[in-house]
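Observations on the three-dimensional arrangement
What follows is each chain in one-letter form.
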Amino acid sequence: QVQLVESGGGLVQAGESLRLSCAASGRTFSSYTMGWFRQAPGKEREFVAAINRSGGSTYADSVKGRFTISRDNAKNTVYLQMNSLKPEDTAVYYCAASRSWLLVISRSLYDYWGQGTQVTVSS
């Protein structure tokens, strides 16, 4: 069982930055692929970024070049650095863990989810 707790959300203006953190419980954190998803009001939850056990990463086209995912296995934590934020980035951001070693982008392949943290970007 893995428990995930996100933090770092907030209200910022367009063009500013935020860093989200996701702290995980359990001794096998380093073996999981970790992902970030987001859900805006009235929309489906969508993939944002993922990082596998080897440090490989992948991003949604909408955030490529602006967001960076990273992990610190010693701290059981995954991060999402978000730069040049836009109003359309406004959403609840969720951290997720997958037993797969692949860079999975499908929600159905993630086994554990956090409660989410709100990010609001004003114009």
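The structure we're discussing is the one just above.
Heads up: these notes are all about the structure in this document. (Residues numbered from 1 in each chain as written. Predicted model: local features only at pLDDT ≥ 70, side-chain atom pairs only at ≥ 80, totals over all residues. Heavy atoms only, no water.)

1. Describing the overall build of the chain
Filter applied, for reference: In this text, helices come from DSSP runs of H or I with a minimum length of four residues, and strands from runs of E with a minimum of two, each type numbered from the N-terminal end. Atoms counted for the radius of gyration: C-alpha only. Globule rule: 2.2 Å times the number of residues to the power 0.38. Relative accessible area decides the class of each residue, using a 1.4 Å probe on protein chains only: under 20% of the type maximum gives buried, over 50% gives exposed, and in between gives partly exposed. It only takes one pair of heavy atoms within 4.5 Å for two residues to be counted as in contact. To measure how exposed things are, a 1.4 Å probe is used in the Shrake-Rupley method; for residues, cover is taken only from the protein chains shown. Asp and Glu count as negative and Lys and Arg as positive, but His and the ends of the chain are not part of the count. Working definition for charges: the position is that of NZ of Lys, CZ of Arg, CG of Asp or CD of Glu.
Regarding its fold elements, the chain presents 0 helices and 11 strands. Computed over C-alpha atoms, the radius of gyration of the chain comes to 13 Å, within 12% of the 14 Å expected from 2.2 N^0.38 for 123 residues, which places it in the range of a compact globule. Going through the 123 residues of the chain one by one, you find that 42% of them count as buried. Here the contacts in the chain between residues at least 6 apart in sequence split such that 60% fall between residues at least 24 apart. With the model as given, the accessible surface of the chain reaches about 6,300 Å², and the carbon-plus-sulfur share is 47%. The distance from the centre of the 13 positive side-chain charges to the centre of the 9 negative ones in the chain is 6 Å.

2. Let's talk about the packing of aromatic side chains
As a reminder, the rule being used: Two rings belonging to Phe, Tyr or Trp (six-membered ring only in the last case) form a pair when the distance between their centres is within 6.5 Å. Interplanar angles under 30 degrees mark stacking, angles over 60 mark edge-to-face geometry, and anything in between is tilted. As a reminder, the over-ring test applies to NZ of lysine and CZ of arginine, requiring each to be within 6 Å of the ring centre and within 35 degrees of the ring normal.
Summed over the entire model, instances satisfying the criterion amount to 5 aromatic pairs. Residues Tyr-32 and Tyr-112 carry aromatic rings whose centres are separated by 6.2 Å and whose planes lie at 75° to one another, so their mutual orientation is edge-to-face. Of the two residues, Tyr-32 is situated in the loop between strand 3 (18–24) and strand 4 (33–39) and Tyr-112 in strand 10 (residues 112–113); the sequence distance between them amounts to 80 residues. Each member of the pair Tyr-32 and Tyr-112 is classed as buried. A connected cluster of aromatic rings, assembled from ring pairs, spans Phe-37, Phe-47, Tyr-110 and Trp-113. The ring centre of Trp-113 lies 5.0 Å from the NZ or CZ of Arg-45, which sits over that ring.

3. Quick look at the nonpolar core
Put simply, the rule reads: Residue types Ala, Val, Leu, Ile, Met, Phe, Trp, Tyr and Cys, when buried and joined through side-chain atoms within 4.5 Å, form a set referred to as a nonpolar core.
In terms of nonpolar packing, the biggest core is built from 36 residues, with Leu-4, Met-34, Trp-36, Val-78, Leu-80, Met-82 and Tyr-93 touching the most fellow members. Counting only elements with at least two residues in this core, the list comes to strand 3, strand 4, strand 5 (46–51), strand 7 (67–72), strand 8 (77–82), strand 9 (91–98) and strand 11 (117–122).

4. Examining the pattern of salt bridges
For clarity, the threshold we go by: Any carboxyl oxygen of Asp or Glu that lies within 4 Å of a side-chain nitrogen of Lys or Arg is treated as forming a salt bridge with it.
The tally for this structure, following the rule as stated, stands at 6 salt bridges. Across the salt bridge formed by Lys-64 and Asp-61, the nearest N and O atoms sit 3.1 Å from each other. Note that Arg-66 and Asp-89 form a salt bridge whose closest N and O atoms lie 2.7 Å from each other. Taken together, the residues span a long stretch of sequence, with Arg-66 in the loop between strand 6 (57–59) and strand 7 and Asp-89 in the loop between strand 8 and strand 9 at a distance of 23 residues. The residues Arg-66 and Asp-89 share a single accessibility class, namely buried. One salt-bridge network, held together by shared partners, links Arg-38, Glu-46, Arg-66 and Asp-89.

5. Considerations on the side chain of Arg-38
Operational definition: A 3.5 Å cut-off defines polar contacts: any pair of N or O atoms within that distance qualifies, except that in protein one atom must be a possible hydrogen donor and the other a possible acceptor, and neighbouring residues in sequence count only when both atoms are side-chain atoms.
Among the secondary structure elements, Arg-38 is positioned in strand 4. A distance of 3.4 Å separates the side chain of Arg-38 from the side chain of Ser-62, its partner in a polar contact. Polar contacts involving the side chain of Arg-38 include one to the side chain of Asp-89, which spans 2.9 Å. The contact partners of Arg-38, leaving out residues within four places of it in the chain, are Glu-44, Arg-45, Glu-46, Val-48, Ser-62, Val-63, Phe-67, Glu-88, Asp-89, Ala-91, Val-92 and Tyr-93.

6. Thoughts on the sheet that holds strand 1 (residues 4–7)
Backbone-to-backbone hydrogen bonds pair the strands of a sheet. The strands run either parallel or antiparallel. Quick reminder of the rule: Here a strand pair is declared whenever DSSP counts at least two bridges between the two strands. In this analysis, axes come from line fits to C-alpha atoms, helices being fitted only over the stretch in contact, and the angle between any two N-to-C directions falls in the range 0 to 180 degrees.
Spatial strand order, 1-3-8-7: 4 strands in an open sheet with antiparallel pairing. Each end of this open sheet is capped by a strand with a single partner; those strands are strand 1 and strand 7. Averaged over all pairs of adjacent strands, the angle between strand axes in this sheet comes to 15°, irrespective of strand direction.

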